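Geometric and topological summary
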Amino acid sequence: MTGSPTTSLGRRENPGQKVPLAVYGMLINHIMWVIMVVPLVVEVLFQLLPLSLGLVQEINPSLARTLFWAFGHPVVYFWLLPAYVFLYTVLPKVVTGEGKLYSDGAARLVFILFLILSFPVGLHHQFTEPGVTSSYKLIHALFTFGVAVPSMLTAFTVAASLEYSIKQKYPEVKDSLFYWWAKIPYISLEGNKWLVSYFMAGLFLFFVGGITGIVNASYNMNQVVHNTSFVPGHFHTTVGGLVTLVFLGMSLYFLSQLTGKEIRFKGLAVLAPWLWWQGMLIFEYAMSVAGMHGFPRRTNTGISYLNPESPLYRPEWVGYAELSVFAGVLIVVGFVFWAVSFFGTLLSPAVREAELEIPTATPYHDERMPALQKLTPWVVFSSLLFLVSYIPPLYDVTKRGVFFDSPGYNDKSPVPITKPQSAKESEKQKAEAQ
Amino acid sequence: MKVDKTIRNIIVAEIVFPIVLLVFGIYHGLMQVLYRAGVIKDMSVGGIEYYQGLTLHGVINAIVFTTILIVAFGNIVFLYYLKKAFKALGSMDQPCAYVWWHPYGCMGYVHQKGKRAIHLLPSSYGPLDLLPWCCAFGSWFYNPPLL
């Protein structure tokens, strides 16, 4: 498949031309979905479904986790890539009204890199998984550093696009190194510039998310933060930061377009992302520092670790948890501002005919990139790499015997209390031989 | 560009529905910080237990909301950029938008609210009811038709 039937038709009608960048990105995103769902379907069909129907009494949890995270990591890029599509096409255009994307070729390269590198990385969610050989975890860790590269490329390209566009519009900052950042319309009600607040607040949060992501990806530093609140700190600034803010902004924009309604409460709409940003930043700080001090995730800490009546009480975590309440309230207020605008728009009467226009930046550098035209070889390569990177750990959690051949432990003894099956067999053989 | 009424209604539904769900998802997020800081000192509030609320916050926000909205954006992008390329073709097929995603999303949400069986997050533990995963499952059939 060189693309969908829709895009192939586009190529026939416009031979030699590249598929529009937004289509390229969304198409790759949907292809990735089809690939990443495979391990999830295997887990659901062969493990979760039989278990919940009572057809089997037990399943292999290591295998379940390995299959889940084989899906669970690529899915975060499935969430991220649409946000990147709008960062490349919409943001540079609306920041001045006539801005440009610095490099179209860089953007396409980014999407291809995600297609390849989103998959062979899932073990970084399982660095403490017993029974998976540490060298396989290290290989996935190295690929995870690899998948950070397209995000860094995006950061560069978006910043370059902003710089080019701002300096075109405001020649007085043409020679400035950093001051041009001040000319970005962070809070503006002019035309479509209100969208800029969603993109910029999201990007500032994502910067923090990227750094905490590098910590999580590092096999050794991960040992400090695994299962702590550091991890939700990370993903609330990524999916709960850039992705959600871009989605909220673009949803409001498309709602207004497709229903022919004027955006209501635009002032609230443009302020919302900054409240969200402030709240999420404080939340991230509290979760990260508390996490480094051991504050757990996925636990009702209120009845235990933060309860002065409990023997588990940890007073050193109290301040961070209380800070996260304050932060959470800020985030909710930001969301309410946006929701008032969204539902206010939805419930207002239409003022014009419904339409669809997407402000799209033209590229400043429009490189040919012939190797990235046909998707099929890249899709095949990506699927093969996915398979090869997962065969060794799948072998570990199934055949190598960790699940079925573990020695027996209980919580009273630091050493095994029963021998594994295979040890019992070989002892029997030795006894018979004597 | 002008958009045909049917496809426009489908896309608007694909935007509004996840946003409505997001309201509940964010409510559960607020509950999370209140529980974890000990502002709430119980295991449940309003009939929803801590771990159910946690699962709802994660699944509504990160699985249902994101995926349906991404499908909406996919429809929008394909419609806008490719329709422009096909002006000469007259009535080009609108990208297919399958509506049966929504029943899965609804089912998944109602199911989680209703049943008490979900205590543990799916990424770590096997025991989990089937229907919420219909969301993921259903989407697998959704995406190829989009292409």
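Anything mentioned here points back to the structure above.
Residues numbered from 1 in each chain as written. Chains lettered and ligands numbered in written order. Predicted model: local features only at pLDDT ≥ 70, side-chain atom pairs only at ≥ 80, totals over all residues. Heavy atoms only, no water.

Notes on the overall build of chain A
The number of helices and strands found in chain A is 14 helices and 2 strands. If you line up chain A on its principal axes, its C-alpha atoms span 90 × 60 × 45 Å. When contacts within chain A are restricted to residue pairs at least 6 apart in sequence, long-range pairs at least 24 apart make up 79% of them. With an accessible surface of roughly 18500 Å², chain A has 65% of that area assigned to carbon and sulfur atoms. (Helix = DSSP H or I, 4+ residues; strand = E, 2+ residues; numbered from the N terminus. Contact = heavy atoms within 4.5 Å. Areas by Shrake-Rupley, 256 points an atom, 1.4 Å probe, with all protein chains shown as cover.)

Digging into a nonpolar patch on the surface
Taken together, the side chains of Leu-138, Leu-142, Phe-145, Met-152 and Ile-214 of chain A make up a nonpolar region of the molecular surface, amounting to roughly 450 Å² of accessible area. Looking at the nonpolar patch, the element that brings in the most residues is helix 7 (residues 134-169) of chain A, giving 4 residues. (Patch = residues over 30% accessible without salt bridge, like charges linked within 9 Å, V, L, I, M, F, W, Y side chains within 5 Å. Salt bridge = Lys/Arg side-chain N within 4 Å of Asp/Glu carboxyl O.)

Observations concerning the environment of Pro-74 of chain A
All names here are of chain A. With respect to the helices, strands and loops of the structure, Pro-74 is situated in helix 4 (residues 74-89). As for Pro-74 and Gly-260, which are separated by 186 residues in sequence, their C-alpha atoms are 36 Å apart. Those residues in contact with Pro-74, other than ones at most four positions away along the chain, are Met-36, Trp-69, Ser-118 and Phe-119.

Quick look at the packing of aromatic side chains
Evaluated as defined, the whole model comprises 33 aromatic pairs over all chains. Their ring planes at 55° and their centres at 6.5 Å tell us that Phe-247 of chain A and Phe-65 of chain B sit as a pair that is tilted. Note that Phe-247 of chain A is positioned in helix 10 (residues 230-259) and Phe-65 of chain B in helix 2 (residues 50-85), a pairing that runs across two chains. We note that Phe-247 of chain A, like Phe-65 of chain B, is buried. Following the ring pairs from residue to residue traces out a cluster consisting of Phe-86, Phe-247, Tyr-253 and Phe-254 of chain A together with Phe-65 and Phe-73 of chain B. (Phe/Tyr/Trp six-rings, centres within 6.5 Å; stacked < 30°, edge-to-face > 60°. Buried < 20%, exposed > 50% of the residue type's maximum accessible area, 1.4 Å probe, protein only.)

Overview of the packing of helix 10 of chain A against helix 11 (residues 266-292) of chain A
All names here are of chain A. Where helix 10 contacts helix 11, the two axes come as close as 7 Å, and the packing angle between them is 170°. The angle between helix 10 and helix 11 falls in the class roughly antiparallel. On helix 11, the residues touching Phe-230, Pro-232, Gly-233, His-234, His-236, Thr-237, Gly-240, Gly-241, Thr-244, Leu-245, Leu-248 and Leu-252 of helix 10 are Ala-269, Pro-273, Trp-276, Met-280, Phe-283, Glu-284, Met-287, Ser-288, Gly-291 and Met-292. For the contact of helix 10 with helix 11, a count of residues per class yields 12 nonpolar, 9 polar and 1 charged. (Axes fitted to C-alpha atoms, helices over the stretch in contact; angles between N-to-C directions. Parallel < 35°, antiparallel > 145°, perpendicular 65-115°, else oblique. Nonpolar A, V, L, I, M, F, W, Y, C, P; charged D, E, K, R; others polar.)

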